[in-house]
Protein chains: 2
Amino acid sequence: MVVGIDKAVSAADSVVSSAKKTPTAIPSDSVINLSRGDPTMYQPYWRRMGDKCTVVIPGHDLMSYFSDPGNLCWFLMPELDDAIRRLHRVVGNAVVDDDRYIIVGTGSTQLFQAVLFALSTPQNPDTEPLSVVAAAPFYSVLIVFMEGGSEMGGKGCCRVYYNVFALMEPSYPEETEFLRSGLYKWAGDAYSFDKDGAYVEVVTSPNNPDGTIREAVANREGGKLIHDLAYYWPQYTPITGKADYDIMLFTFSKATGHAGSRIGWAIVKDKQVAAKMVKYIELSSIGVSKEAQLRAAKILEVIAKDCASSGPDKEENFFEYGHRLMSDRWEKLREVVKRNGVFSLPKYPRYFCNFKGKDTDSSPAFAWLKAKDGLNCDNLLREFKIVTRGGPNFGVESDYTRISMLSVDEEFNLFLERLAAIKGTRNGHYLL
Amino acid sequence: MVVGIDKAVSAADSVVSSAKKTPTAIPSDSVINLSRGDPTMYQPYWRRMGDKCTVVIPGHDLMSYFSDPGNLCWFLMPELDDAIRRLHRVVGNAVVDDDRYIIVGTGSTQLFQAVLFALSTPQNPDTEPLSVVAAAPFYSVLIVFMEGGSEMGGKGCCRVYYNVFALMEPSYPEETEFLRSGLYKWAGDAYSFDKDGAYVEVVTSPNNPDGTIREAVANREGGKLIHDLAYYWPQYTPITGKADYDIMLFTFSKATGHAGSRIGWAIVKDKQVAAKMVKYIELSSIGVSKEAQLRAAKILEVIAKDCASSGPDKEENFFEYGHRLMSDRWEKLREVVKRNGVFSLPKYPRYFCNFKGKDTDSSPAFAWLKAKDGLNCDNLLREFKIVTRGGPNFGVESDYTRISMLSVDEEFNLFLERLAAIKGTRNGHYLL
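Computed from a predicted model, the values in this text were never measured in an experiment.

Trainee: Now, about the UniProt feature "domain: Alliinase C-terminal" (unreviewed entry) in chain A: what can you tell me, with residues and values included?
Mentor: All names here are of chain A. UniProt's entry tags residues 32–141 and 171–422 with the feature "domain: Alliinase C-terminal" (unreviewed entry), counted in the numbering of this structure. Along residues 32–141 the backbone is 31% helical and 15% strand, and the end-to-end C-alpha distance reaches 21 Å. For residues 171–422, the helix share is 35%, the strand share is 21%, and the end-to-end C-alpha distance is 31 Å.

Trainee: I'd like to hear about the domain arrangement of chain A, residue by residue, with values.
Mentor: All names here are of chain A. Partitioning chain A into domains gives domain 1 (2–47 + 325–431) and domain 2 (71–307). With 33 residues of domain 1 at the interface, the matching set in domain 2 holds 37 residues. The contact between domain 1 and domain 2 buries some 2700 Å² in all, and 60% of this surface belongs to carbon and sulfur atoms. Together, Trp46, Phe355 and Phe394 form the three largest contributors to the area buried by domain 1 at its contact with domain 2, with a combined 23%. At the boundary of domain 1 with domain 2, the tally comes to two salt bridges. Linking domain 1 with domain 2 are 15 residue pairs in polar contact (both at pLDDT 80 or more), by the criterion used here. Those elements giving two or more residues to the side of domain 1 that touches domain 2 turn out to be helix 1 (43–48), strand 15 (351–353) and strand 17 (366–371). Among the elements that take part in the side of domain 1 that touches domain 2, strand 15 stands out by supplying three residues, more than any other. Classifying every residue of the side of domain 1 that touches domain 2 by side-chain character gives 19 nonpolar, eight polar and six charged.

Trainee: Tell me about the pairing of strand 13 (residues 263–268) of chain B, and please be specific about residues and values.
Mentor: All names here are of chain B. Burial runs high along strand 13: six of the six residues are buried. Neither face of strand 13 is open: one carries Ile263, Trp265 and Ile267, the other Gly264, Ala266 and Val268, and all of them are buried. As paired strands, strand 4 (residues 101–106) and strand 13 are joined by six bridges and run antiparallel to one another. Of the residues in strand 13, the one forming a bridge with Tyr101 is Val268. Strand direction decides the pairing type here: strand 12 (residues 247–251) and strand 13, joined by five bridges, are antiparallel. Residue pairing for strand 13: Ile247 is matched across the bridge by Val268.

Trainee: How would you sum up the pattern of salt bridges? Please name residues and give values.
Mentor: What the rule picks out here adds up to 46 salt bridges over all chains. For Lys269 of chain A, the salt bridge identified is with Asp244 of chain A, shortest N-O distance 3.6 Å. One end of the pair, Lys269 of chain A, is in the loop between strand 13 (263–268) and helix 6 (271–285); the other, Asp244 of chain A, is in the loop between strand 11 (223–228) and strand 12 (247–251), with 25 residues separating them in the sequence. You can call Lys269 of chain A partly exposed: its relative accessible area is 34%. On the basis of relative accessible area, Asp244 of chain A is assigned to the partly exposed category, the value being 38%. Among the salt bridges present, the one from Arg382 of chain B reaches Asp378 of chain B, with a minimum N-O distance of 3.3 Å. Of this pair, Arg382 of chain B and Asp378 of chain B both sit in helix 9 (residues 377–383), four residues apart, which is roughly one turn of that helix. On the basis of relative accessibility, which here comes to 17%, the residue Arg382 of chain B falls in the buried class. A relative accessible area of 12% places Asp378 of chain B in the buried class. Salt bridges sharing common partners tie together Asp99, Arg100, Asp244, Asp246 and Lys269 of chain A.

Trainee: Could you give me a rundown of the interface of chain B and chain A, with the residues and numbers involved?
Mentor: Reports of interface size often rely on the accessible area that becomes lost once the parts have come together. If you look at the interface, chain B gives 84 residues, while chain A gives 85 residues. Between chain B and chain A lies a buried interface of about 7500 Å² when both sides are counted; carbon and sulfur atoms form 61% of it. Across the contact surface, chain B and chain A share four salt bridges. Between Glu291 of chain B and Arg295 of chain A there is a salt bridge whose closest N-O contact spans 2.7 Å. Linking chain B with chain A are 45 residue pairs in polar contact (both at pLDDT 80 or more), by the criterion used here. Contributing elements (two or more residues each) for the side of chain B that touches chain A: helix 1 (43–48), strand 3 (55–57), helix 3 (107–120), helix 4 (172–177), helix 5 (252–256), helix 6 (271–285) and helix 7 (290–308) of chain B. With nine residues, helix 6 of chain B is the single largest residue contributor to the side of chain B that touches chain A. For the side of chain B that touches chain A, the residue count by class is 39 nonpolar, 29 polar and 16 charged.

Parameters at a glance
Residues numbered from 1 in each chain as written. Chains lettered and ligands numbered in written order. Predicted model: local features only at pLDDT ≥ 70, side-chain atom pairs only at ≥ 80, totals over all residues. Heavy atoms only, no water. UniProt positions renumbered as here; feature names shortened; annotations may be inferred. Helix = DSSP H or I, 4+ residues; strand = E, 2+ residues; numbered from the N terminus. Domains from an automatic or database assignment. Contact = heavy atoms within 4.5 Å. Buried area = accessible area lost by both parts, 1.4 Å probe. Salt bridge = Lys/Arg side-chain N within 4 Å of Asp/Glu carboxyl O. Polar contact = N/O pair within 3.5 Å; in protein donor to acceptor, adjacent residues only side chain to side chain. Nonpolar A, V, L, I, M, F, W, Y, C, P; charged D, E, K, R; others polar. Buried < 20%, exposed > 50% of the residue type's maximum accessible area, 1.4 Å probe, protein only. Pairing = 2+ DSSP bridges.

Quick look at the structure:
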């Protein structure tokens, strides 16, 4: 069978929702949306845990604005502070000494903006906005609000017109630019940044989309760093040491799969930066839902306890489960990619993982797939009803595309099946 | 006993926390902080409700980013949408026809910013920022970040230096200005606004701080309105009709006392405005905590059901309870104020309340207290270890101060006791 490459499948066309409460059979001709990182794959683990992570909240509980009035972050619940520190100590992925400040946010999205605010104030009215950079590739869709539809490509930054259904993954450039703040502005690729003066570099490690381990690259005087460590957890990458940076961001959604809770946290060295982040969160939402905090505290505490327990009949802990699943998926994906010869995947170095106590491969949350022969990888997969996020969204060529590895089993397996069915090309058409 | 008026009591001095889980005895010499509107007074009602409003959330539930993928507000849980509409129908305080969009936010604070974003985009880079105004008096503290301490007064806008403990109530000017957005800017008192072109007027009704019922006052061409109806509930004011404005904001914290949940909602007529608000919430926090939404849905649903039920053995519903408490507090406060002759309170017209089915007095969430003889009311009360929010924070003279009426019973009673002890003045000193 030969299928024309230009016959695009609409993303809106019977997209499989990940919001379903219970797994349902996916019709074999459905469009599979793997463009987003909704981490629903961990749900079976949490289901298996039964009541162990259940929270019960009576109507009269958690009513006040305040969680810990004596603490700099007065809206952070002490039990969440404890659970976060305990988990990082058990996993060994970040320094959480008592002199570090934990700031909770409505997802790490809110915290990213809180950091920009903290690093760019105080500011004299005649000061240039603080430059914000990141090393390519990074997700870089910017939404501009104008009447009408259609799409324009731009180097390193794809501008799309307003469409409420296409969104859902704010990019660093977009989060930096959308309010046209006079405090900070997006300044592009850190590799080519050559301005004097203060700037902020966002270092995402492991990186989204390509899963690589990263360090700052601008390294100029006046630079400050934000480390987004959303994926620095044992299921995605070997834990090679405790991260010890000035400002580190983590998020509940990528750590455990609880995206609906909107809980993120920052670990911050400097008190003034921490205090200004708190101020930002006061001004933007007067704190963070206590229900979500209570639940995150419970779940993180259970994981930490399970990880710390030993003995012969100890059950598989969350990270062991997560890593087993991710390794298995990666192994299957590499097998399919190798077999059909149409694509390639990045190779990651093997490192000793302190948490697992052995050499381990990376199994990133996204697969950064490249089509051979310079073909448009995203378009090609859409032919087979697989929706991904193409390279131009990350400032690179269209032969790359990003695929979420975190969907539910059934979707992932259907994806592998369809990918395996792609045999090769003839005159710009793919063979099934 | 004679006490010097200039001997200020520090607000940080053993402030009584409202965050305590169970009522504890308040030492009789404690400072009572009534400067904030932490609505902890409703807690006994919710305690009395037992398990009726309890939510139970298993570890595997509410995991996806998505709540309702087919809905414009894809992160709004359908049960919360239903509960909000049902409650407004039962109370009769807002039009919630099916063609109105409900947008959930992390408190109405986030929604206010979402509306500013929605009304100011799309914007050409050379367009003037959209002017945002409100009719005085309104809370107008602006925090500027500079090193050091001290305080400066400014007409209509009191600027204070950075102090993490003094904050917690974002003002409209501050929310509008803190990111120095190029999209919108604060333009002051709506009464004196005389610029041509597009602008936004925020109408808070009943008003904070003075409890008055308000209408838009600028009424110029190109004006758009945001109606903040946080206090338009039967416990605070007679419900005289269904509010039917373009953009209406409500918040769970003032409606039921659940401030810790950070749930607010907007009722919006225009689809494009609603869609841009959704976009703002995506970019600032990728949605709103589902745990908080689930709990708000449960509690609002129980209230609506209780309000709709009739019959001889029907229990007191939440608004009947709230109104009884608030009326009682106001009666006692007016009695004390009348007796000691040092202060005065606003008088509110009596209206027929559609919800209660009878003529009713207003019992606002804040008392807008005025000291006679032009004395500084806030300072005077601080002498008696009562911390309030003085007139200059609202752009008016210091003989006014705002007092929260929503503290726990014990605090409120202690406040009345202390207020009753103030007998009169002699040479600028108050007599006990």
